[in-house]
Every structure is written in structure tokens, then in C-alpha cells.
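Reading the structure
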Protein chains: 2
Amino acid sequence: MSTQPQHLVVVGGGFAGLWATRALADAPLRITLIDRHNHHLFQPLLYQVATAGLSAPDIAAPLRHILRDQRNVEVRLGEVVDIAAPQRSVALADGSTLHYDYLLLATGATHAYFGNDQWAAHAPGLKTLNDALHLRRKLLMAFERAETETDPQARAAWLSFAIVGGGPTGVELAGTLAEIARHTLKNEFRNIDPRMARVRLIEAGPRVLPSFPEDLTDKAQRQLERLGVEVFTGTPVTHIDAEGYRLGDTFVPARTVFWAAGVAASPLARTLGVPLDRAGRVQVAPDLSVPGHPEIFVGGDLAALQQDGRPVPGVAPAAKQMGRYIAKALRARLAGQPAPAFRYQDYGNLATIGRMAAIVHVGRFKLSGLLAWWFWLAAHVYFLIGFRNRFVVLVNWAMAYWSYQRAARIIFGRAHDDPPPQA
Amino acid sequence: MSTQPQHLVVVGGGFAGLWATRALADAPLRITLIDRHNHHLFQPLLYQVATAGLSAPDIAAPLRHILRDQRNVEVRLGEVVDIAAPQRSVALADGSTLHYDYLLLATGATHAYFGNDQWAAHAPGLKTLNDALHLRRKLLMAFERAETETDPQARAAWLSFAIVGGGPTGVELAGTLAEIARHTLKNEFRNIDPRMARVRLIEAGPRVLPSFPEDLTDKAQRQLERLGVEVFTGTPVTHIDAEGYRLGDTFVPARTVFWAAGVAASPLARTLGVPLDRAGRVQVAPDLSVPGHPEIFVGGDLAALQQDGRPVPGVAPAAKQMGRYIAKALRARLAGQPAPAFRYQDYGNLATIGRMAAIVHVGRFKLSGLLAWWFWLAAHVYFLIGFRNRFVVLVNWAMAYWSYQRAARIIFGRAHDDPPPQA
């Protein structure tokens, strides 16, 4: 008599969910991977889609295709809206219910506006491909509006850009936006000079890229300034509306503000009924399971874990390591063996700043400028899933490098009105 | 005393408008090119974006970028909503007005539902990048819905596809859809076999691709059938709704119907106040000007012209020739010289059918099958504007050819509901 394999439901096809699923290829489990999107997204390059350097499909691959040969996996496009932990079941938005023996929650993070949700409409953030296309449209449209605007003050507001938040995404967006204004759009307008655009990067804390050593972030800030970005640190944004934002006590007119300041855990965690940290993440046990629910694991940005007195960071390498660890812990569990605690291996920290500028921190090794940028480029191209994407991305970058041009400068959607912001 | 150059307003940055503008680079004219989109679109490959083979930016290039070095041109993103021919001015949707000395109308065509506008919501057509992304989402979502549908009849309806219209676009869509169902998605689903999908191509007339000689269209139909397409000719669709369509007297359940059957001229022509043909096109004089308005030219799909008793076809080569001719006629006009009448040079006719299948008709030269497909491929890659796009498109195709995979199989937008059809 053969036993029916137990059922693992994985919610979220990001780095944690996908890496766990792939590491369970030959495990005696039936796996259902549920995601709201049909694709795995290489989030570290999302800012390149937002700034028109890459096409959306360049950094995404269909989950079904990645997992087509793993016969113990069923991929399901859908949204989990509720978890009934006592019943061991999840409810989907389409009304169906799935029972599980084991559950892996890896739904990641979303933007947080720190209680100022009314800012969302004026300062969109960057988490999904739709977000990226929205940002792209908004920034390209700003130059178009400036070109036809005849009032000098109104025109200046269309050429005033701000990025709120000096973490990696904010720095990438600011650096690339400055490059677009200074180089890409040069000579293309007749009534404005795109180089007149002001790009401001605003960080409430004392410095940009705070996860790096101070000497490297100083270099990063100087590289940003060389690209044409005005960096404001230690200054909080206290108000945002359609006309601009308030920086400390000063109102700055700006028609384009992007939000890269805060993340909060995906709201699904709240339906678990277990303790969450202030950002809404699940405080997991050392084996990444939920205290009181050993059959539920949490991985990626949704998991809150301290290691050596410091939080494990919400970055792609940590999510992949968690995914692989959970697969191993689950195998041990199925074999009736104990699993050692999860340990995050920090292999280093990279941030790109703009054209040929980046910083790298690996152990005692520090690098900045052009060499760091090549290092960053190689690492990111290498980690992109799938040969085809890797190759096309390389081609696009090589072209952009030589020509200053950006391959995806195409505005979708209506020409005149900004689409309503996405919920 | 220098004379102020006269002002040419070009409405539409398609093949006719863009080719005319470029051919007037050193003419003593001030040119304003107005388009609703920021890009020139290589429409012959739009079906590849709809069927997830290419990314949207692969077949589009920003008009500003193409024309950046032509200093007598100003590109303006906007929609012309009215033409006041007596006042020689056009009105834009943003409320502004532009005066012209010469006007070139080249706003092309849109879908026509032959008085059945209620079908538009259930059978979207393919004219813009937004249309293409809508079709892509709809066809990929149909397989996703079939995968989770448990009722066999409902599932069959999700796997039932129809393309209405046997012209080039309908044939391309049908052939590619069959390839996706038979090859691309193979092994990726667990509850359905995508090869069970039915792809029907429906043509009301007696044969598909009627602009080709009969022996070639016979071959095209056989190639389609070999790819897995069921071809119905001589059968009109008499009804379409969300559940399916009526073919003659039979109702066929189908959740995915695409419309490739009819085109009508852009509605802007109606505001001219001159005689239009039944499809709404402007009946132009032999020099492509509007009778009674020598200062207004019409080019591309918007122009209705008979030559040797046959209409000049609405294809890209004709639009380019018209654009170049209008530039020449305008130069002659400015120099006070007469312009010979426009003559369309028919260099041949190509249609692609699907993987390694096409037909070619050039003079007395006829070709079908694999060789025709290579011919078609070379011609289309050659004509794509800009080196970068050409190269990336080639890479994508080479990959698709060897792997049967499609690079852009990414669903944007909400996961569960089809977005509302676009107006």
C-alpha cells in the first residue's frame, strides 16, 4: 500500500518560495505553489524597468516554465486572502480553499507610508512590474508635460523630481533619473533642456545606504552628486501632494515624487493570528517555523529573525538561503530527524548608483566607482534566472553603455492623463 | 530680411507621417509632428507582442529619439480632436490649437465591427501596444483559467480560441496561438493538456489571405492546418458574447475571441468635412492632397486611392511610399513647380503563418513554407527601425526558434479579472 504524499502549500513565488520549491524536487511531497502573478520577478533589477532600461519580460520568467519538469509541483495563479491555521487550510480570492499539511509563507513586503496612506497616490513605490511601468510612464510623461507647458513655474515643477528614501532602491532610481535627464534625453526636446531637471534624493536618516560602512556611503553620496543628484540627509519629508512636498519647513514644487522609504510585510501575515513585529513580519523560531505552528514556515522578507543581535536583512540572498534552509528542515522533519537552526551567511553587500558607479562591501574588501560597477553588473547578470534573459539583458546594457540610450522608453496607456495610482 | 518658414503639421507618427517628416529634413519648413503615443510602432510585428514572442519596446522607438537631430521638427505628444480646414488650424485634446500652412493627416486605421460595436468588449482587436498587451494577457489567462476549472464544459470553453478574420493579422495570430498551445506550454500544466486547445480561424470570404494568388493561399491554409489551426472559410460570425460566438447557425463556446476582420479609418477624417469612402477614408487627389484643400495631404491607411482600377492596399510599404511622395510634392509646391501624380510601387507581398511557415509573392516569384519564412524573417528584421531593436529581436527569435519558448510570457495587471476592454 503506497502512502499518499503530504501536501506542502507554498504561498509566493519570489526568491524564498521558489528556492524552497526547487530544493524539494525529489522530496516525498505534493507541492502547490501559489502566486498572484504568473512570473518570478528578479526584483533587484526592477528599477531598470522603471527607468526604461529593460523591458518587463527581461527580468521575469513564468513560474510554470521554471518548474515545468518538477513533477511534484503544481503552479497556481491566485491570491491567498486568508489562512486558517487551526484547520490547516488557505482561502483564495476566487473562493476556493486548499488544505495543507505544511505551509510556507513567502509573500514578501509592500510599501509602507508610515501612517500617511494619502501620500501613496502622489508618491508611488516600486515592488511589482506594474509599479515599474507606472513609474516609467510617470517620469517620461513629466518631460513631455514640461515640453508643452509655457508657464515657467509650472514647467519647473514638471522638471522637479524627488525620490524619498536613501536605501538601495532610492539611490538606484535617483542615479538613473539623473542620467536620463543629463544624457539620454539630450537634444530631443525643443522647448526645454532636460538637463535643467532637478533630481533630489531625500533621506530622513543621517546618510544614504545605511547598511554600508560610513566611508563607502560617503563615496556613494559623492558619486550621486557627480551624476547630478542633490542629496538631502537628516531631513524628513513631512507632506506630499500633487503639487509637491514639504522638506522640513520648505515646500518644494514637484510633479514627480517616488517613494522608496519604507517597507511593510505583506498583510497576509495578519491572518495567521501570531505575534508580528512593528513592520508586520512574523517573528519566527530558529528553524523559521511559526512558534506554536511547527507545520508553518515563513521565509524571505516576511520573516523577522535576529542573528547575533542584528536583524537578518530583507535582501535576495537571505531569501534564497531561507528557502533552501526550509527545504532542508522539511526533509529532516519528514525523516523524523532534528534540523539545526537557520544561519544567514552574509556574502557581502552591493549597491549600484548609476552609470559606472557602485559600491561593494564583501568582508574586509571595499570597492567603489567603475570597478565596483563592473562587479555589480557581473553579479546581477549572473543571478538573473534563465540564459535567455541573461543574454538579452547583457545586450541591452552593452548598448546603453555605449550609446547612453535606454531601450524601453515607451509610454503605455493613455497619452494625456496619468493613470490612477495602483492600490 | 529672412522670411519665417511655413509651418507643416503632421498628425500621426506611423509610416506615412514619419517617412514624410524625415524626407523633409532640409526643407525650408517648420514641422510639428503630433502623435498620441511617444513612439513609432513597427505594426507588422505587433502580433508578436500579443503572442508573447517580443516585448513591447522591441518593436517601438521614441519619436523624439528618431527625430532628435532633425532641427526643423518639434515632436508633440498629444491627440488632435478637430480640424478647422477654413481656419487652417487643428485643435488638441488638451485645449490648445495649432495653426498650419500645410497639414499632413496620417492617423491610420482602427478596428471596425461592421455595426456590431457590442462585440468589441468580447473580441478585442490589435492596433496598438496596449491592444497587444491586452490580447497577451487574455490568451495567457485563458490557459490559467482552464487549469483551475473543474467543470469539463467550462474548461473546454477556456481552451476554445477563435480569430475572426483571415487577413494577415488573423493568420499570424492563429498560427502563433496554435504553436503556443502545441509547443510552448507543453508540460507546464498539471490539470490540462494545452494541446487540447482548439484554435479556429474564421473568414467570411471564400479564402484566407485573399490578396495573394489562389495557389499560394491554398498552401497557406494547409500550413495553418498542419500547425493545428482549424480554418473556416465562407462562414460569417453572426454573434459574439462573453460565452462564445455563432458561426453560421452553430453557437461555439469560446472564452477567447480575437478580432482581425475589419478596419475603419481613424475618426479624425470626419472632422475634415470632405467626401469619405465607406471605410471612412479620405478620397484623395492623385497628388494625395484633399480635393478643394491643396494645403492638406493625406497618407497611409487614411488615404483612399485607386490605381489601375484597384485600391492601393493599406500596408506599410504603401504608407512609406506615400510619406516620401508627399515630402517631394511639398518641396515642389514650395519651389512653385508641379508634382507628378503618386504611383504605388508594389514590390511584393509577404505573409507569415507560424513556425517556419510563410508565403511570399513577388512579381512572378512565389514561395511558401520554410524558405518563405526565412525570407519574411529577413525582410522584417531588416525593416525594423534602429540597430538595437533589430539585434534584440533577432536574438529573441533565434532563442524562440531553438527552444520553442517565448520570451515575453508575462502577464501584467490584475491576476484574476480581465481588465475592461480598452476604448
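Residues numbered from 1 in each chain as written. Chains lettered and ligands numbered in written order. Predicted model: local features only at pLDDT ≥ 70, side-chain atom pairs only at ≥ 80, totals over all residues.

Turning our attention to the sheet that holds strand β6 (residues 80–84) of chain B. Residue and element names in this part refer to chain B. Strand order across the open sheet formed by three strands is β6-β7-β8, with antiparallel pairing between neighbours. With one partner strand each, in any of the chains shown, β6 and β8 (97–99) form the two edges of the open sheet. Averaged over all pairs of adjacent strands, the angle between their axes in this sheet comes to 20 degrees, without regard to strand direction. Alignment of strand β7 (residues 89–92) against β8, held across three bridges, turns out to be antiparallel. Following the sheet pairing, Val90 is matched in β8 by Leu98. (Pairing = 2+ DSSP bridges. Helix = DSSP H or I, 4+ residues; strand = E, 2+ residues; numbered from the N terminus. Axes fitted to C-alpha atoms, helices over the stretch in contact; angles between N-to-C directions.)

Next up on the list: unusual backbone geometry. Residue and element names in this part refer to chain B. The phi dihedral of Ala52 is positive, around 70 degrees, even though this residue is not glycine. Here Ala52 lies in the loop between α2 (46–50) and β4 (60–62). Take Ala52: there are 27 C-beta atoms within 10 Å of it, and that puts it in the buried class. Non-glycine residue Arg88 carries a positive phi angle of around 55 degrees. Of note, Arg88 is situated in the loop between β6 and β7. (Buried ≥ 20, exposed ≤ 12 C-beta atoms within 10 Å, placed from the backbone.)

Another aspect to go through is the packing of helix α1 (residues 15–23) of chain B against helix α8 (residues 316–334) of chain B. Residues and elements named next belong to chain B. Closest axis-to-axis distance for the α1/α8 pair is 7 Å, and the angle between their directions is 35 degrees. As for the relative orientation of α1 and α8, their crossing is right-handed in sense. Residues Phe15, Ala16, Gly17, Leu18, Trp19, Ala20 and Ala23 of α1 form the contact with α8, whose participating residues are Ala316, Ala319, Lys320, Met322, Gly323, Arg324, Ile326 and Ala327. Grouping the constituent residues of the contact of α1 with α8 by class yields 11 nonpolar, two polar and two charged. (Left-handed = near helix turned anticlockwise from the far one by under 90°. Contact = placed C-beta atoms within 7 Å. Nonpolar A, V, L, I, M, F, W, Y, C, P; charged D, E, K, R; others polar.)

This part takes up helix α7 (residues 214–227) of chain B. All names here are of chain B. The first and last C-alpha atoms of α7 sit 20 Å apart over 14 residues, in line with the 20 Å expected at 1.5 Å per residue. Looking at the packing, one finds that the buried side of α7 touches α6 (168–184), β12 (198–203), β13 (229–233), β25 (349–354), β26 (357–362) and β27 (365–368). Downstream of α7 by one or two residues, Gly228 has phi in the positive range, about 110 degrees. (Expected span 1.5 Å × (residues − 1).)

Residues and elements named next belong to chain B. Most of β12 sits out of view: five of its six residues are buried. The sheet contact formed by strand β11 (residues 160–164) and β12 spans five bridges and is parallel. Counted as the bridge partner of Ala162 is Arg200 from β12. Of the crossover connections in this fold, the one passing from β11 over α6 to the parallel β12 is right-handed. Across five bridges, β12 lies against β13 in parallel orientation. What sits directly across from Leu201, in β13, is Val231. (Right-handed = clockwise from strand over helix to strand, strands pointing away.)

Residues and elements named next belong to chain A. Predicted confidence across chain A gives a mean pLDDT of 90, with 91% of residues reaching 70 or more. In this model, residues 414–423 is a region of pLDDT below 50 whose contacts with residues beyond four sequence positions or in other chains number 19 contacts. The complex model carries a pTM of 0.90, and its ipTM stands at 0.87. (pLDDT = per-residue confidence, 0-100.)

So, on to the domain arrangement of chain A. Residue and element names in this part refer to chain A. Domain annotation for chain A reports domain 1 (6–111 + 263–334) and domain 2 (117–261). A C-alpha centroid distance of 32 Å is found between domain 1 and domain 2. At the interface, 12 residues of domain 1 touch 17 residues of domain 2. Only α2 (46–50) and β10 (109–111) provide two or more residues apiece to the side of domain 1 that touches domain 2. In terms of residue count, α2 provides more of the side of domain 1 that touches domain 2 than any other element does, four residues in total. Residues that form the side of domain 1 that touches domain 2 fall into these classes: nine nonpolar, three polar and no charged. (Domains from an automatic or database assignment.)

Once that is clear, we can look at the sheet that holds strand β7 (residues 89–92) of chain A. Residues and elements named next belong to chain A. Pairing is antiparallel in the open sheet, where three strands are placed in the order β6-β7-β8. In this open sheet, the two edge strands, each paired with only one partner strand, are β6 (80–84) and β8 (97–99). Pairwise comparison of adjacent strand axes, ignoring direction, gives a mean angle of 20 degrees for this sheet.

Residues and elements named next belong to chain B. Within the fold, His40 resides in strand β3 (residues 39–41). Take His40: there are 24 C-beta atoms within 10 Å of it, and that puts it in the buried class. Linking His40 and Leu140, residues 100 residues apart in sequence, is a C-alpha distance of 26 Å.

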